[in-house]
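# Structure assessment
Here is how the chains run, residue by residue.
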Amino acid sequence: MATDNPPATAEPADPAVPLKGATRKGDRIFLGLSRGSGITLLAIMAAIAVFLTWRAALAISADEANFLTAFEWDANATPPRFGIAVLAFGTVVSSLIAMIVAVPVAVGIALFISHYAPRKLATPLGYVIDLLAAVPSIVYGLWGALFLVPHLSGLYEWLDDYFGWSGIFSYEGGAARSLFTAGILLAIMILPIITNVSREVFRQAPRMHEEAALALGATRWEVIRMSVLPFGRSGVISASMLGLGRALGETMAVATVLSPSFLIHASLLQPGGGTFAQNIAAGFKEAGATGRDALIASGLVLFVITLLVNGAARLIIARRKEYSGANA
């Protein structure tokens, strides 16, 4: 039955009136604060880079040795002679050892908490992991010097017995104050960071994907391998880069357990070596004007290494994003 009333139509929006919510005062304030924060961060990074470059140029111009390849550090001498070869080697090697030890263990703990452990166990275990992340570096360093170093001699001897033929794990006795010990301590320190981030990423895996895999007869491990790990791959990489960033810049813990020397040994178990952060902390107080500039120059190298590591991580994540379950 027809009616005389035409259907109601929406009135066109008045072009003179802006869309509701698009130009609110609160939105404008939030946009300005967000944009200002980003610009401020870039300005701070640029200021740090300019300062480090300027002071590093002063030091390198006065250096009588090759800054990149010299195996010595005597920046307070006349003329000064210093190089970063040993520091770069020690920083990279100790951080790699930490990553090799920590990442598999952290991913395993994260999977256990998120998919295997009952709630009554997972909750307190998660609290313990969170607590480990809050322990100060100096406490880890004291524990490493007083407990870890004396108790690693047995492991060193075992590695020498079975893998000493490689040269990398040859051990001649003495205190276990080597890059390998520093790497193990760094692994313990970065373990909570990688575990916490990975755990939260695994918890975000689509529940429907897991239930579908279980309905098709997949085992618990197959569900994790086909649904959880592909989804969390980018998150695990990001967590690993956060841990690596702490390992690269760790100072007090490494300085406490390492016997610094400007020698590079073929064996990771021999005492000696050094890192950028440890050398800066140990030498800054007694350094003169040129010595401080030399330490700042080594800090610039660490700054560049950190930027390169984070940039590489972003590239890896961007390339693997299309294969991640996050886009499913």
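Keep in mind the model is a prediction, meaning the values are calculated, not measured.

### Side note on the overall build of the chain
Scanning the chain from N- to C-terminus turns up 11 helices and 2 strands. Start at the N end of the chain and walk to the C end: the helices and strands fall as α-β-β-α-α-α-α-α-α-α-α-α-α. Its C-alpha atoms give the chain a radius of gyration of 27 Å, clearly above 20 Å, the size a compact globule of 328 residues would have. Considered along the principal axes of its C-alpha atoms, the chain spans approximately 105 × 55 × 30 Å. In the chain, once contacts between residues fewer than 6 apart in sequence are set aside, the share between residues at least 24 apart is 73%. Both charge centroids of the chain, one from 23 positive and one from 21 negative side chains, sit 8 Å from each other.

### Remarks on the packing of aromatic side chains
Overall, the coordinates contain 10 aromatic pairs when judged by the stated rule. Relative to Phe262, the ring of Trp73 has its centre 6.3 Å away and its plane inclined at 20°; by these criteria the two rings are stacked. Of this pair, Trp73 sits in strand 1 (residues 73–74) while Phe262 is found in the loop between helix 9 (252–257) and helix 10 (276–283), placing the two residues 189 residues apart along the sequence. Taking the relative accessible area as the measure of exposure, Phe262 reaches 24% and is therefore partly exposed. Ring centres of Phe163 and Phe169 lie 6.4 Å apart, and the angle between their planes is 65°; on these two criteria the pair is classed as edge-to-face. What links up through ring pairs into an aromatic cluster is the set Tyr156, Trp158, Tyr162, Phe163, Phe169, Tyr171 and Phe180. Here the basic side chain of Arg55 rests over the ring of Trp54, its NZ or CZ set 5.9 Å away from the ring centre. The ring of Tyr116 is capped by Arg220, whose NZ or CZ atom sits 5.6 Å from the centre of that ring.

### Re the packing of helix 6 (residues 179–203) against helix 8 (residues 220–249)
Describing two packed helices takes the angle between their axes plus the distance from one axis to the other. Where helix 6 contacts helix 8, the two axes come as close as 8 Å, and the packing angle between them is 150°. In terms of orientation, helix 6 lies roughly antiparallel with respect to helix 8. In this structure, helix 6 meets helix 8 at a crossing whose hand is right-handed. Contacts from Leu186, Met189, Ile190, Ile193, Ile194, Val197, Ser198, Val201 and Phe202 of helix 6 reach helix 8 at Val228, Leu229, Phe231, Gly232, Gly235, Val236, Ala239, Ser240, Leu242, Gly243, Arg246 and Ala247. Its residues placed into classes, the contact of helix 6 with helix 8 shows 15 nonpolar, 5 polar and 1 charged.

### A short note on the nonpolar core
Judged by nonpolar contacts, the single largest core of 66 residues is most densely connected at Trp73 and Phe180. If you list the elements that add at least two residues to this core, you get helix 1 (25–62), helix 2 (85–116), helix 4 (137–151), helix 5 (153–163), helix 6, helix 8, helix 9 and helix 11 (289–320). Top element by residues in this core is helix 6. It accounts for 12 residues. Here Trp73 is in contact with Arg81, Phe82, Gly83, Ile84, Leu87, Phe262, Asn279, Ala294, Leu295 and Ser298, once residues within four sequence places are set aside.

### A word on the UniProt feature "transmembrane region" (unreviewed entry) in the chain
UniProt tags residues 38–62, 82–113, 125–149, 179–198, 247–268 and 294–317 as "transmembrane region" (unreviewed entry). The span residues 247–268 is 41% helical and 0% strand by assignment, and the distance between its end C-alpha atoms comes to 17 Å. Spanning residues 294–317, this segment combines 100% helix with 0% strand, and its end C-alpha atoms are found 35 Å apart.

### Here's the deal with the packing of helix 5 against helix 6
The N-to-C vectors of helix 5 and helix 6 enclose an angle of 120°; their axes lie 12 Å apart at closest approach. The orientation of helix 5 with respect to helix 6, classified from their angle, is oblique. Seen from above, helix 5 lies across helix 6 with right-handed handedness. Contact with helix 5, carried on its side by Leu155, Tyr156 and Leu159, involves Phe180, Thr181 and Ile184 of helix 6 and no other residues of that element. Looking at side-chain class alone, the contact of helix 5 with helix 6 contains 5 nonpolar, 1 polar and no charged residues.

### Observations regarding helix 6
When the terminal C-alpha atoms of helix 6 are compared, their 35 Å separation across 25 residues agrees well with the 36 Å that a helix rising 1.5 Å per residue should span. Maximal helix bending in helix 6 amounts to about 40°, located at Ile190; proline Pro192 follows within four positions. Among the 25 residues that make up helix 6, 20 are buried, leaving the element largely enclosed by the rest of the structure.

### Section: helix 1
If you check helix 1, its first and last C-alpha atoms are 56 Å apart, about what 38 residues at 1.5 Å a residue would give, namely 56 Å. Along helix 1, the residues that are buried comprise Leu52, Arg55, Ala56 and Ala59.

### Let's talk about the environment of Glu172
The topology assignment puts Glu172 in the loop between helix 5 and helix 6. Of the residues examined, Glu172 reaches a relative accessible area of 70% and is grouped as exposed.

### Describing the confidence of the model for the chain
Do not read the predicted coordinates in detail wherever pLDDT is low. Summary statistics for the chain give a mean pLDDT of 84 and a share of 90% for residues scoring 70 or more. Between the elements of the chain, mean pLDDT differs from a low of 82, seen in helix 7 (residues 207–215), to a high of 92, seen in helix 2. Counted against residues more than four places away or in other chains, residues 15–22, with its pLDDT under 50, gives 2 contacts. pLDDT under 50 marks residues 323–328. Its contacts with residues more than four places away, or in other chains, come to 9 contacts.

Definitions and limits used
- Residues numbered from 1 in each chain as written.
- Predicted model: local features only at pLDDT ≥ 70, side-chain atom pairs only at ≥ 80, totals over all residues.
- Heavy atoms only, no water.
- Helix = DSSP H or I, 4+ residues; strand = E, 2+ residues; numbered from the N terminus.
- Rg over C-alpha atoms; globule rule 2.2 N^0.38 Å.
- Contact = heavy atoms within 4.5 Å.
- Lys, Arg positive; Asp, Glu negative; His and termini not counted.
- Charge placed at Lys NZ, Arg CZ, Asp CG, Glu CD.
- Phe/Tyr/Trp six-rings, centres within 6.5 Å; stacked < 30°, edge-to-face > 60°.
- Buried < 20%, exposed > 50% of the residue type's maximum accessible area, 1.4 Å probe, protein only.
- Lys NZ or Arg CZ within 6 Å of the ring centre and 35° of its normal.
- Axes fitted to C-alpha atoms, helices over the stretch in contact; angles between N-to-C directions.
- Parallel < 35°, antiparallel > 145°, perpendicular 65-115°, else oblique.
- Left-handed = near helix turned anticlockwise from the far one by under 90°.
- Nonpolar A, V, L, I, M, F, W, Y, C, P; charged D, E, K, R; others polar.
- Core = buried A, V, L, I, M, F, W, Y, C linked by side-chain atoms within 4.5 Å.
- UniProt positions renumbered as here; feature names shortened; annotations may be inferred.
- Expected span 1.5 Å × (residues − 1).
- Bend = angle between axes of the 7 residues up to and from the residue.
- pLDDT = per-residue confidence, 0-100.

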